[in-house]
Amino acid sequence: MAALLLEVGIALTAIALAGALANRYGLSVIPAYIVVGVLVGPNEPTSLAGIPLTLVEQREVIDVLAELGVVFLLFFLGLEFSIGQLLDDRRRLAVVGSLDFTVNFGLGALLGFAFGYTLLETMFVAGIVYISSSAVITKSLIDEGWVANPESGPILGTLVFEDLLIAVYLAVLSAVALGEGTPADAALAVATAFAFLGVLALVAWYGTEYLERLFDADSDELFLLRVLGVTTLVAGAALTAGLSEAVAAFFVGTAFSATDHTERIEHVVAPARDFFAAVFFFAIGLTTDVTLLAGVAWLLLAAVVVTTVGKLVSGTVSGRVYGLDRVRSLRVGFGLVPRGEFSLVIATLAASVGTGALGDAIPAFTVGYVLVMSVLGTVLVQNADRIVDRAGLGWESTAD
Amino acid sequence: MTVYETEVPGVGHKFELELDGDERLVVLIHHDGKREVYHRPGENADSEKLFSLSGQLARQLGSILEGAHFQPVELDEVRVPVGEAIIEWFDVEPDSRLAGQTLAAADIRDRTGVSVIAIQRGEETVSNPEPTETVAVGDILVTLGTRDEQDDFGTFVENDAPGTPES
C-alpha cells in the first residue's frame, strides 16, 4: 500500500506542477498533463542525466480514474449540450456543421487512405482529426476576450454540432469496432447500440421530473455521490453490454440538462470532472511510447498541415455564413484549430480494440497530434490578429 | 433596448445589452458565479474587458445600480397626476424673474394658468400661500395645472426677461 500511495502521490503532484506551469505561460493544460505523464511514465525517456525517471508504473487505480475521466468529460458534454440552441439556430448550424464535417472529416479520411490504413482505421483517423477541443477553445475564447465578440457565435455553434455528431460517431464506431465479425454482426451491434441509446434518450426526455426529485439532495455531499454513482453505474452497464460507456455518459448528461440541477452539477461535480480528466490526460502520457512516433512522423506532419488548413478554411467560410466581416470570419477559422480531449477519447477506444494500427500507431499518432494541435491552436488564436494584419487582411490595412 | 442571451457551453451565460447604435455591453456570468463585463464600442471593434466581479460583489453592485440603497429624486420628471391637472415642483434660480416678487405682482395664474399651492422654503412649507407672499431665491414652488400650463410656467419661471410666455 505504501508504494502505491507514494506513486499516486507522485502522479498527482506531477499533474499539479504541469498544470501550474502551463497556466503560467498561457497554454492549455492538456498537453502539459500528457507530457508530464510521458516523462514520469514507464516508457522512454526512462532516465534523465542518469536519474531514473520511471516514477509511476501504469497501475490499475490510475486506469480506473482515467476511465472516469472519459465518462465525466462526456457526461458534461451531454449536460452542456443544448438541444434548444441547436434547434433555435438550426438552419445556420446545419450549414456550418455539415461544412465543418465534410471538409475536416473528409480530409481525415483522405489522409487515412493515402497512408494505406484499412477502412476502420481510416474512420478512426478521420474522427480524431475532425473533432475540435471544446476545453481548449472555450479557454482561448475567454483569454482573448473573443467570447464577448460576434465570432464566438459560429465557433460555439460548430462545437454544439460536433458534440452531437461525436455522440453518434462513437456509438457507431464502438459497436462496429468492438463487435467483430461479419457485416451482419456489425449491423446487429449498431442496432443494439441505438436501441440502448434510444432507451436512454427516452429516459432523458420523459424522466425529467423523476430525476428532479431523485436528485433533490439537501447536502452537496449527498448530491455529488448520487450523480457520480448513477453516471458511473450507467456507463459501466453500457460497457458491460458491449456499448460505448462514453456515449452512455453523454446521454446521462443530457438527461440532467433538462432538470434544475444543471447549475448545481456545474458547482459540485465539475471539480470531480476536472480531477478525473487530468488523470485521464496524464494516463495517456503514461501509456505513450514516444519512440512509436517515429513510425507515424509523416502522417503526423501531413495531418498537422492539412487539418490546420482545413479548419481555417471551413471556419472562415462559417464566419461568412453568419454574416461576419473578413477579420471576424478568419478568427472563427483560427479559433476552431485546437484539438484535444475528444481526439484522445477516440484514440482510447482505438487502443481498446487493439488490433493492427489501432493498437499502437494510431494512439501514438493521436498523442503527437493533440500535443501539436492544442499548442499550435492556442498560439494561433493568441496571434490571430497579428497574422491577419501581416497578411494585409486586417481592419486597419484595408477597408472591408 | 434589446438584451440577447446566449449559452456558452462549459462557461456559463452571456448577455449582450444594446447601447447606442452598434455599441454593446456584454456580461458573461460564469457557472462559478464570476461576472465579467465587456464593452464593445462598435461592430468593427474588439470587446474590451471593463472589470470582473465575484458573485457577491456583483449582486451588491447590481442592487446599488438598481437604486435599492439610494434613489435620487429626478426633479425634472416628478409629476403627480390630479385628474387633468398635475402637480409639479419648480426651483427658483437666482436669475429667475420671480425672485423678490410677490405672487400677486407676478400674476402667475393669469399668465400661465397654474396655481401655486405651496412654497417649500428650506425646512419650512408655506401651504396655500397668500397673494402677498414674496418668492425668494432657492424656493421650490409647488404648482397645480394642466401639462401645457405647467410647461408655460416652466418657461416663465426660468425666464429672467419680462414678457408673456408663449402658449
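Position labels on residues start from 1 in each chain and follow its written sequence. Going through the entries in the order they are written, you letter the chains from A and number the ligands from 1. Local features are withheld for residues below a pLDDT of 70 in this predicted model, meaning they are given only at 70 or higher, and side-chain atom pairs are given and counted only at 80 or more; totals for whole chains, interfaces and linings count all residues. Where side-chain values are given, they derive from all heavy atoms of the structure, hydrogens and water being excluded.

Observations concerning unusual backbone geometry
The backbone of Asp-107 of chain B shows a phi angle near 60 degrees, a positive value even though the residue is not glycine. If you trace the backbone, Asp-107 of chain B turns up in the loop between α2 (103-106) and α3 (108-112). Only runs of H or I of at least four residues qualify as helices and only runs of E of at least two qualify as strands under DSSP, and these elements are numbered from the N terminus.

A look at the interface of chain A and chain B
Contact residues are listed per partner, giving 22 residues for chain A and 21 residues for chain B. As used here, buried area is the combined drop in accessible area, with a 1.4 Å probe, of two parts when they are placed together. For the chain A and chain B pair, buried surface summed over both sides reaches about 1,700 Å², with 51% attributable to carbon and sulfur atoms. When a carboxyl oxygen of Asp or Glu is within 4 Å of a side-chain nitrogen of Lys or Arg, the pair counts as a salt bridge. Applying the counting criterion to the chain A and chain B interface returns two salt bridges. Across the pair Asp-46 of chain B and Arg-331 of chain A runs a salt bridge, and its minimum N-O distance is 2.8 Å. Pairs of N or O atoms are called polar contacts if they sit within 3.5 Å, as long as, within protein, a hydrogen donor faces a hydrogen acceptor (for residues adjacent in sequence, only side-chain-to-side-chain pairs). Between the two partners, chain A and chain B, sit ten residue pairs in polar contact (both at pLDDT 80 or more). Among the secondary structure elements, those contributing two or more residues to the side of chain A that touches chain B are α7 (134-144), α8 (152-178), α13 (262-268) and α16 (326-335) of chain A. Note on contacts: a residue pair qualifies if any of its non-hydrogen atoms lie within 4.5 Å across the two residues.

Quick notes on the confidence of the model for chain A
Residue-level confidence of the predictor is what pLDDT reports, using numbers from 0 through 100. In the predicted model, chain A carries a mean pLDDT of 86, and 95% of its residues have values of at least 70. Within chain A, the element-level pLDDT minimum falls on strand β1 (residues 47-48) of chain A, averaging 66, and the maximum on helix α15 (residues 297-321) of chain A, averaging 94.

A look at the pairing of strand β1 (residues 3-8) of chain B
Residue and element names in this part refer to chain B. At least two bridges found by DSSP between two strands are what make those strands a pair. Relative to strand β2 (residues 12-18), β1 runs antiparallel, the two being bridged by six bridges. Within β2, the residue paired with Glu-7 across the bridge is His-13. Connecting β1 to the antiparallel partner β2 that follows it, the hairpin turn spans three residues, and Gly-10 within it adopts a positive phi of roughly 80 degrees.

Considering helix α6 (residues 119-130) of chain A
All names here are of chain A. Over its twelve residues, α6 extends 16 Å from the first C-alpha to the last, a length consistent with the 16 Å expected when each residue adds 1.5 Å. Only protein chains enter the accessibility calculation, which uses a 1.4 Å probe. A residue is then buried if its area is under 20% of the maximum for its type, exposed if over 50%, and partly exposed in between. Counting buried residues in α6 gives nine out of twelve residues, a clear majority hidden from the surface. Residues of α6 that are buried: Glu-121, Thr-122, Phe-124, Val-125, Ala-126, Gly-127, Ile-128, Val-129 and Tyr-130. Buried positions along α6 lie against α5 (90-114), α8, α15, α17 (341-353) and α18 (361-382). In this analysis, the expected span of each helix is defined as 1.5 Å times one less than the number of residues it contains.

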